[in-house]
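# Summary of the model geometry
Residue strings, one per chain:
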Amino acid sequence: MSEQTGGREKAWSSTAPPGEFRSYVSAEESPKEFTIRAIVLGALFGLLFGAVTVYVGLRAGLTVSASIPISVLSISILRAFGRSTILENNIVQTTGSAGESLAAGVMFTIPALIFLGFGSEFTFWRIFPLALLGGWLGVLFMVPLRRQLIVKEHGNLAFPEGTACADVLVAGERGGSFAGRVFWGLGLGGVYTFMMNTVQAWTSQPEGRPSWFPGASFRAAITSEYLGVGYIIGPRVAGILFAGGIVSWLVMMPAIKFYGQLAGNTPIYPSTIPIPLMTPDDIWRSYIRPMGAGAVAAAGLITLLRTLPTIISALRAGLKDVRAEGADTSSSASRIDRDVPMRWVIVGSILIIAMMWALLTFHPMKGANTQWYHNLLAGILVTIFGFLFVTVAARISGLLGNSSNPVSGMSIATLMATCAIFFVAGWTAPNYEVLALMIGGVVCTAAAIAGATSQDLKTGYLVGATPSYQQLSLLVGVTVSTIAIGTTLNLMNKGLEKYIPTEIPVNLQTLPEGVKVERDTFTHQGKNYVLINSLSSHEIPDGEYLYDPSTKKIEFQWAQGIGSDKAPAPQARLMATVIHGILNQRLPWRLVLMGVALVIAVEVLGVRSLAFATGSYLSIATTGAMFAGGLVRALVEATT
C-alpha cells in the first residue's frame, strides 16, 4: 500500500482541517482488516490490560488509556509474524483497549457492594454479567453518535489519545525515521519510569506541606503517562484542569483547616477525624471529593444540555439509517462510513433491559430481593442514563482525553438521580441500596467504555478503518476482558484481606446510626463473632468489624482486600457513601451544592466548566503533572 500511496503519505495529517482532511487509507482501498490474528491478539491484550488496570486502579484510583502502548506492541508483534496492514493493527488496539476502559467502570462502582455490607455476594458471577451489560451498552450507544461526534466534529473535538494513536499506527506503517521517533519516545518513557520506580533515582510524587499554609499540599505525580497526557491535550485545557486543582487544594482545603480549628476534637461529618488532626489527604477524601462530585455532576449536566442538538441529530440520523435499511438493502454506504446496523442498537437495548430484569429477578442477592417491577425500572433507568452519559463521556473524551474522563463523577450523578427517585417512592431499605448500585455500576461501565470507544473510532476515522469492524471488535474485546476483570477483582479481594485488632466498645442492642448487623455468626480462628458493618457513622469509622458478645466489644476489623490500604478503592467507597447517604438522608448536601455553585461561577466567567470541575475532583498531583506536560508542549511549539 505504501508504494501506491507514497505521494499521499507526505501530505497526510491527522490534524488537517475538515475541508482538507482525508483518511490515510482511502475508501476505495480494502486492505486486510478484521482478521483472526488481529482479533485474537487484541483479545489477549484486553485480558492483560484489563487485569493490570484493575490492580493499578484499585490502588491509585485512576486509569490511563492503553490504546497507544497496545498499538506499538501490535505493530512489533504482527510484524514478527509477517506483513501486517495498518487496519489490522488498528483492530488489535481497538479490541485490546476495551479491557482497560471496562476495568475502570467496574472497579469504580461494583466493589461498593463490600462497603454496603454485601461483601459475601461480591463474586465473579455478580461482577461478570453487570460488567458485560455495561460494556455492551457503551459500545451500542456509540454507534449512532459516531457520525456526529467523530466525523462532523472533526477539527472541534481533539480526541487526543485517538489522534496520537493514529499517528503511531501511521508511523509504524511508514517505518523509517518517523517510526523511529515514536519508538524513541516509548523507550525514553520506559527508561524514565524504570529509573523512577525501580531504581528510585527520584520520587514519583514530590510533595511539600508548608507549615505556614496548613491544609495545603503542593505535589505532582510526575509519571510519564500524566506528563504525556498533558502534552497531548495542550497548555490551555491542562491549565483549566490545574486551576480546578488549585481551587480545591490551595483555597478550599486551607480554608477548611483554618475554620476547622474551632471544631476542637469534634469530628464534622462526613469525617470521623477532627479537622485539626486531619492531613491534606484526609481533608480531600472527606470534604473535597463530595464537593468535586457535585461540580462534575453540574458540569456534566451543562455539557449534556449543550449536547442536546447533537443527541437529537444523532437520533434522527440513526432512525434515517433504519428506514434506509428497510427501503433499500442493495445500496450500501462507503466502506469508511459503514456502521453496525441501527437495528442492532435498538434490539440490543431491548435485550439489555430484559437481561437486567432477568438477572435481578431470578438471581437476586441474598438479603436484597426486589419486586419484578423494581427490576424492570432498573433496566429502563440503565438505558436512559446510559445513553445520556455515553454522550457526555464521548464529548469529554473528545475535549480532554479519555484519561481525564470523570467516569466516577458521572456515576455519582446517576446514583444521585436514581436514589432521589427511590427516596421519593419510599424505597430506602438496604435492598434498594443494592439496586441503585447495580444501575450505577452498569451506567458507569457504559460511560467508561464510551470514552475509550470514541477514541478508537476517532483513530479509525483518521486511518480509514471500517467502523462496523471496529464496533464488532469492541464487542469481542468487552466480552473477553470481563473474564479477566472479574477474576482479578476476586483474587485481590481474597488475597489481600486481613484481620486488624481493633477494640471499640459497642452496645449491640442500641447500635449507633449508620451501623448494622451484617451477619449473626462469623467464625474467625475457631471463635464465633457477630459481623457488623459501619457506613457513614459518626462514631465508628467505615468498615466491617467482628464483635464479641462476651466482651461486648469489637475485637477485629475485617479488612477485605478491596478497601484495605493496599487496594483502597476510593471511588467505590464514595459510591457506597452516596447511596447510603441519600436513601438515609446522610449525604453531605452542603458540600455537593458548593461544588455546583463553583461550576456556575466558572460558567458565568465564560470558561467551559467541564475541565475545571474535573480538576477540582482529581488530585492536584494528577492535574499538576498534566499542566507540566502542557507547558512542555507550549515550549516546544514556541521554539519550532
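Just above sits the structure.
A brief report on the enclosed structure follows. (Residues numbered from 1 in each chain as written. Predicted model: local features only at pLDDT ≥ 70, side-chain atom pairs only at ≥ 80, totals over all residues. Heavy atoms only, no water.)

## Quick word on the overall build of the protein chain
Helices and strands together make up the secondary structure of the protein chain, namely 20 helices and 7 strands. Taken across its 640 residues, the protein chain has 58% of its residues classed as buried. Across the protein chain, contacts joining residues at least 24 apart in sequence account for 78% of those joining residues at least 6 apart. In the structure as shown, the protein chain presents an accessible area of about 25,800 Å², 64% of it carried by carbon and sulfur atoms. (Helix = DSSP H or I, 4+ residues; strand = E, 2+ residues; numbered from the N terminus. Buried < 20%, exposed > 50% of the residue type's maximum accessible area, 1.4 Å probe, protein only. Contact = heavy atoms within 4.5 Å. Areas by Shrake-Rupley, 256 points an atom, 1.4 Å probe, with all protein chains shown as cover.)

## Things to note about the side chain of Glu 544
In this structure, Glu 544 sits in strand β6 (residues 543-548). With no salt bridge to any partner, buried Glu 544 finds its closest opposite charge in Arg 519, at an N-O distance of 6.5 Å. There is a polar contact of 2.7 Å between the side chain of Glu 544 and the side chain of Gln 560. In this structure, Glu 544 is in contact with Ile 114, Gly 117, Gly 119, Glu 518, Leu 531, Ile 532, Asn 533, Phe 556, Gln 557, Trp 558 and Gln 560, ignoring residues within four places of it in sequence. (Lys, Arg positive; Asp, Glu negative; His and termini not counted. Salt bridge = Lys/Arg side-chain N within 4 Å of Asp/Glu carboxyl O. Polar contact = N/O pair within 3.5 Å; in protein donor to acceptor, adjacent residues only side chain to side chain.)

## Regarding the environment of Ser 248
Following the sequence through the fold, Ser 248 ends up in helix α10 (residues 224-260). Residue Ser 248 is classed as buried on the basis of its relative accessible area, which comes to 3%. Ser 248 sits 347 residues away from Gly 595 along the chain, and the two C-alpha atoms are 10.0 Å apart. If we ignore the near neighbours within four places in the chain, the residues touching Ser 248 are Met 253, Ile 288 and Ser 616.

## Some remarks on the sheet that holds strand β5 (residues 527-534)
Sheet architecture is open: 5 strands sit in the order β3-β7-β6-β5-β4, paired in antiparallel fashion. Two strands close off the open sheet at either side, each with one partner strand: β3 (498-505) and β4 (515-524). When strand polarity is set aside, the average angle formed by the axes of neighbouring strands in this sheet is 30 degrees. (Pairing = 2+ DSSP bridges. Axes fitted to C-alpha atoms, helices over the stretch in contact; angles between N-to-C directions.)

## Digging into the packing of aromatic side chains
Enumeration according to the criterion identifies 20 aromatic pairs in this entry. On the numbers, 5.5 Å between centres and 25 degrees between planes, the contact of Phe 124 with Phe 128 is stacked. Taken together, the positions of Phe 124 and Phe 128, both in helix α6 (residues 124-142) and 4 residues apart, correspond to about one turn of that helix. Where Tyr 529 meets Phe 556, the ring centres are 6.1 Å apart and the plane angle is 90 degrees; that geometry is what we call edge-to-face. Residue Tyr 529 is found in strand β5, and its partner Phe 556 is found in strand β7 (residues 553-559); the two are separated by 27 residues along the sequence. Of the two residues examined, Tyr 529 and Phe 556, each falls in the buried class. Here the basic side chain of Arg 289 rests over the ring of Tyr 617, its NZ or CZ set 4.6 Å away from the ring centre. (Phe/Tyr/Trp six-rings, centres within 6.5 Å; stacked < 30°, edge-to-face > 60°. Lys NZ or Arg CZ within 6 Å of the ring centre and 35° of its normal.)

## Let's talk about the side chain of Ser 349
As for its placement among the helices and strands, Ser 349 is situated in helix α12 (residues 342-362). Reaching out from Ser 349, the side chain makes a polar contact with the backbone oxygen of Val 345 at a distance of 2.7 Å. Discounting chain neighbours no more than four positions away, the residues touching Ser 349 are Leu 140, Phe 141 and Thr 383.

## Structural notes on helix α8 (residues 160-174)
Counted at 1.5 Å a residue, the expected span for α8 with its 15 residues is 21 Å, and the 21 Å between its end C-alpha atoms agrees. Among the 15 residues of α8, 13 are classified as buried, and the element is accordingly described as predominantly covered. (Expected span 1.5 Å × (residues − 1).)

## Digging into the pattern of salt bridges
Applying the stated criterion across every chain yields a total of 15 salt bridges. Measuring nitrogen to oxygen at the nearest pair gives 3.6 Å for the salt bridge that ties Glu 555 to Lys 527. Of this pair, Glu 555 sits in strand β7 while Lys 527 is found in strand β5, placing the two residues 28 residues apart along the sequence. When its relative accessible area of 32% is taken as the criterion, Lys 527 is described as partly exposed.

## Quick word on the packing of α6 against α12
For the pair α6 and α12, interaxial distance at closest approach is 10 Å and the crossing angle is 160 degrees. Comparing their axes, α12 and α6 come out roughly antiparallel. Two packed elements cross with a definite hand, and for α6 against α12 that hand is left-handed. In this structure, α6 contributes Pro 129, Leu 130, Leu 133, Trp 136, Leu 137, Leu 140 and Phe 141 to the contact, and α12 contributes Trp 344, Val 345, Gly 348, Ser 349, Ile 352, Met 355, Met 356 and Leu 359. For the contact of α6 with α12, the residue count by class is 13 nonpolar, 2 polar and no charged. (Parallel < 35°, antiparallel > 145°, perpendicular 65-115°, else oblique. Left-handed = near helix turned anticlockwise from the far one by under 90°. Nonpolar A, V, L, I, M, F, W, Y, C, P; charged D, E, K, R; others polar.)

## Description of the nonpolar core
Ranked by size, the top nonpolar core spans 111 residues in total, and within it Leu 58, Leu 113, Met 438 and Leu 489 carry the most contacts. Residue contributions to this core peak at 16 residues, all from helix α15 (residues 430-463). Non-local contacts of Leu 113, meaning those with residues more than four positions away in its chain, are made with Phe 118, Gly 119, Phe 122, Met 365, Val 434, Leu 437 and Met 438. (Core = buried A, V, L, I, M, F, W, Y, C linked by side-chain atoms within 4.5 Å.)

## Let's talk about the environment of Glu 539
Turning to its location among the elements, Glu 539 is positioned in the loop between β5 and β6. With a relative accessible area of 53%, Glu 539 lands in the exposed category. Residues Glu 539 and Pro 512, spaced 27 residues apart in sequence, show a C-alpha to C-alpha distance of 6.9 Å.

## Concerning a nonpolar patch on the surface
On the surface, Trp 372, Tyr 373, Leu 376, Ile 380 and Ile 384 cluster together into a nonpolar patch covering about 480 Å² of accessible area. Take Ile 380: it is sitting in helix α13 (residues 372-400). (Patch = residues over 30% accessible without salt bridge, like charges linked within 9 Å, V, L, I, M, F, W, Y side chains within 5 Å.)

## A few points about the environment of Gly 264
Here Gly 264 is to be found in the loop between α10 and α11 (280-327). Sequence separation of Gly 264 and Pro 274 is 10 residues, and the distance between their C-alpha atoms is 6.9 Å.

## Quick look at the packing of α10 against helix α19 (residues 609-617)
The contact between α10 and α19 brings their axes to 7 Å, and the two run at 45 degrees. Considering their axes alone, α10 and α19 lie oblique with respect to each other. Between α10 and α19 lies a crossing whose hand is right-handed. Residues Val 237, Ile 240, Leu 241, Ala 243, Gly 244, Gly 245, Val 247 and Ser 248 of α10 lie in contact with α19, whose contacting residues are Ala 611, Phe 612, Thr 614, Gly 615 and Ser 616.

## Notes on the pairing of β4
Pairing analysis gives 7 bridges linking β4 to β5, with the strands arranged antiparallel. Note on β5: the bridge partner recorded for Phe 522 is Tyr 529. With antiparallel pairing between neighbouring strands as the criterion, β4 and β5 make up a hairpin whose turn holds 2 residues, including Gln 525 at a positive phi of roughly 55 degrees.

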